[in-house]
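# Observations on chain architecture
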Amino acid sequence: EAAAVVAASQPEVAAGSAASAVVLPERLQRREAERQQGVERQRQKKEAQVVKEEQSEFFLAAFAREREAVEALLAAGTLEEAAARLQALQKLLTGSVRFLAPYEVRQGQETVARLQGDLAARRQQLQPKKKFAFRALKKEAAPGSAPRPAEPAPPAPAAPGIGLAEGESGGPPLCGFSGAQDEELELGPAELLQQDVLLSELRGCRVRLRGNPNTLRVRDCHGCTVLCGPVSTSVLVDGCSDCLLALACQQLRTHRTRHCRVYVQVTSRAVIEACSEVSFAPYSWSYDGIERDFESSGLDRNSNNWNLVDDFDWLATDKPSPNWSLIPEQERITCWD
């Protein structure tokens, strides 16, 4: 009987050994497959990093060449060609932001902004100066003589509130408004065309800029609504609070700003720094002639990165910045007037 029991158990033992032999290789195969996948991921990551570094090196070299060319043209006074090369430089930066490090983007934006300022200064410098002439003093009419016709008044400036951007001394004046409170302010296409516009120290104002400026700076404004047509190059919003802005531009930089809503069309990634409670939505303001202004600005209406924002104070990549958000679609403004 004992022999029979041993004989009967032997097939079971053999079957168990065979099953273990099958399971063990399957586990090893799974581990090997996982290891191979991990190796492949690391290889792809390394290759992607190499490609990114090569793209960055190519951009930096090309950007440096174009910057030097623009500087040489400005020095020679060839301003139209300098403006065209500067626009190409801006497009090079805009098309490269996806693979550049944030500090490289910031340096590029600062360089473009500096060159734009240099171009505006050279234009002002090379403009023909008005000739100086003495004006005869007005004499009182003799009794009984016919009154002399009044001399025409000198032309008024294109817009009140002309001033300089914060931190700048000298240089060409900017058109715009400054120091107003609770007013309706407006500029049209003829006043704005390729001008550098400054809005500063406004309180509770509503500003409509119907036209195509070259640059726009909004500084130290509070409780204001600013509606602006397409800006050819850059917009800087600095030190503002509780404002509503509608902006279309190549480059948007926002500094020291809080609790503002920005409806924007921007061809590069917007940048915020030292900001809080800033929210974004796509640009939706419109007026008669805006299509013509977009054409003269050179902006691509089909390129809009309104929801891509770089926060220079938030370096974490796995969590979104708490300093900005998107305006929910149901809360966006659709009627501006």
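Computed from a predicted structure; not experimentally measured.

## Some remarks on the overall build of the protein
From N to C terminus, the protein includes 5 helices and 14 strands. Within the protein, the fraction of its 337 residues that count as buried is 39%. Summed over all atoms, the accessible surface of the protein reaches about 20,200 Å², with 54% contributed by carbon and sulfur.

## Points about the state of the cysteines
By definition, a disulfide links two cysteine residues through a covalent bond between their sulfur atoms. In the structure shown here, the tally under the stated rule is 0 disulfides. Not engaged in a disulfide, the cysteine Cys175 finds its nearest cysteine sulfur in Cys228; these two sulfurs lie 10.0 Å apart. With no disulfide partner, Cys240 has as its closest neighbouring cysteine sulfur the one in Cys221, 4.8 Å distant. Classification of Cys240 as buried rests on a relative accessible area of 2%.

## Comments concerning unusual backbone geometry
Its identity is not glycine, yet Arg256 carries a phi of approximately 45°, on the positive side. Following the sequence through the fold, Arg256 ends up in the loop between β9 (251-255) and β10 (258-266). Residue classification places Arg256 among the partly exposed residues on the basis of a relative accessible area of 44%. For Ala274, which is not a glycine, the phi torsion comes out positive at approximately 55°. For Ala274, the location among the structural elements is in the loop between β11 (270-273) and β12 (276-282).

## Comments concerning the side chain of Asp311
Residue position: Asp311 is located in strand β13 (residues 309-311). Excluding residues within four positions of it along the chain, Asp311 makes contact with Ile272, Ser321, Asn323 and Trp324.

## Observations regarding the sheet that holds strand β4 (residues 206-209)
The strand order across the open sheet formed by 7 strands is β2-β4-β6-β8-β10-β12-β14, and the pairing between neighbours is parallel. Of all the strands in the sheet, just β2 (184-187) and β14 (324-326) have a single pairing partner and so form its edges. On average, each strand axis in the sheet is inclined to that of its neighbour by 20°, with strand direction left out of account. Here β4 pairs with strand β6 (residues 225-230) via 4 bridges, running parallel. Bridging across to β6, Arg208 finds its partner in Leu227. Helix α5 (residues 290-297) contacts β6, β8 (244-249) and β10 of the sheet and is inclined by roughly 65° relative to β6.

Definitions and cut-offs
Residues numbered from 1 in each chain as written. Predicted model: local features only at pLDDT ≥ 70, side-chain atom pairs only at ≥ 80, totals over all residues. Heavy atoms only, no water. Helix = DSSP H or I, 4+ residues; strand = E, 2+ residues; numbered from the N terminus. Buried < 20%, exposed > 50% of the residue type's maximum accessible area, 1.4 Å probe, protein only. Areas by Shrake-Rupley, 256 points an atom, 1.4 Å probe, with all protein chains shown as cover. Disulfide = S-S within 2.5 Å. Contact = heavy atoms within 4.5 Å. Pairing = 2+ DSSP bridges. Axes fitted to C-alpha atoms, helices over the stretch in contact; angles between N-to-C directions.

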